[in-house]
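Okay, here's what each chain looks like letter by letter:
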Amino acid sequence: MTGAPTTRPWALGDLEQVVALEAALFGAEAWGAEAWTALVDGPGRRASVAVLDGDVVGHALTGGMGDFAELLRLGVRPDHQRRGVASLLLSSALADVRADGAERVLLEVSAVNAPAVVFYARHGFERIDVRPRYYRDGSDAWVLQRHLAGEDR
C-alpha cells in the first residue's frame, strides 16, 4: 500500500468493486449492480469512491432534495476501516451537498451499529427520530441529522 486514499466521482468502471464492497459490508442489506446503478442515476444523486493504489476502498452516495440531502450510503472496506477513509468520504460528500445548496443532511443508521453511531456523532450528527424494527434483522433505524447552515461553502 502506498500513499493515502483519495476521493473522486464514481464511474461505471468501479461497479464491480463497489458491488463487492456492498456485499462484504451490508450482507442482506447490500445493493446489487442493478440497484446501485439505478440509485446513482437518480435525480440529485452524487456518488464518490475512495481509491488507493487503483482499488476502491470505500464509497458514498448522497441524494439532494432542495435545502436538504440524504447520505444514502457510506461504506469502507474492512481492511481500511479506522484509517480515516470514512471521514474522507463523509467530508467530500458534505462538501458536495453543501455546494448543491443543502442546509442539512439526514441519514439512517442501525441502532445496533455502535461504531457507526459513534462515527456520525463525532462528525456532528444528532438523532432526531427512530424507525422501529426498520432493518431485516429487526433492529431500529436511528434517523440522524447534521445542520450545514453557517458552514463554509
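Cut-off values and rules
- Residues numbered from 1 in each chain as written.
- Predicted model: local features only at pLDDT ≥ 70, side-chain atom pairs only at ≥ 80, totals over all residues.
- Heavy atoms only, no water.
- Phe/Tyr/Trp six-rings, centres within 6.5 Å; stacked < 30°, edge-to-face > 60°.
- Buried < 20%, exposed > 50% of the residue type's maximum accessible area, 1.4 Å probe, protein only.
- Lys NZ or Arg CZ within 6 Å of the ring centre and 35° of its normal.
- Salt bridge = Lys/Arg side-chain N within 4 Å of Asp/Glu carboxyl O.
- Helix = DSSP H or I, 4+ residues; strand = E, 2+ residues; numbered from the N terminus.

(A) Structural detail: the packing of aromatic side chains. Following the criterion strictly, the structure yields five aromatic pairs and no others. Judged by centre distance (6.0 Å) and plane angle (40°), the ring pair of tryptophan 31 and tryptophan 36 falls under tilted. Of the residues examined, tryptophan 36 reaches a relative accessible area of 0% and is grouped as buried. Here the aromatic rings of tyrosine 134 and tyrosine 135 are separated by 5.0 Å at their centres, their planes lie at 90°, and the arrangement is edge-to-face. Residue classification places tyrosine 134 among the partly exposed residues on the basis of a relative accessible area of 42%. By way of ring pairs, the aromatic residues Trp10, Trp31 and Trp36 are connected into one cluster. Positioned over the ring face of phenylalanine 68 is arginine 104, at 5.1 Å from the centre of the ring.

(B) Focus on the pattern of salt bridges. Going through the model one piece at a time under the given rule, you end up with six salt bridges. Of the charged contacts, one joins aspartate 100 and arginine 46 as a salt bridge, the two residues approaching to 2.7 Å between their closest N and O atoms. Here the residue aspartate 100 occupies a position in the loop between helix 3 (85-99) and strand 5 (104-110), and arginine 46 occupies one in strand 2 (residues 45-52), the gap between them amounting to 54 residues. Its relative accessible area of 32% is what places arginine 46 among the partly exposed residues. Salt bridges here are not isolated pairs; linked through shared partners, they connect Arg46, Asp96 and Asp100.

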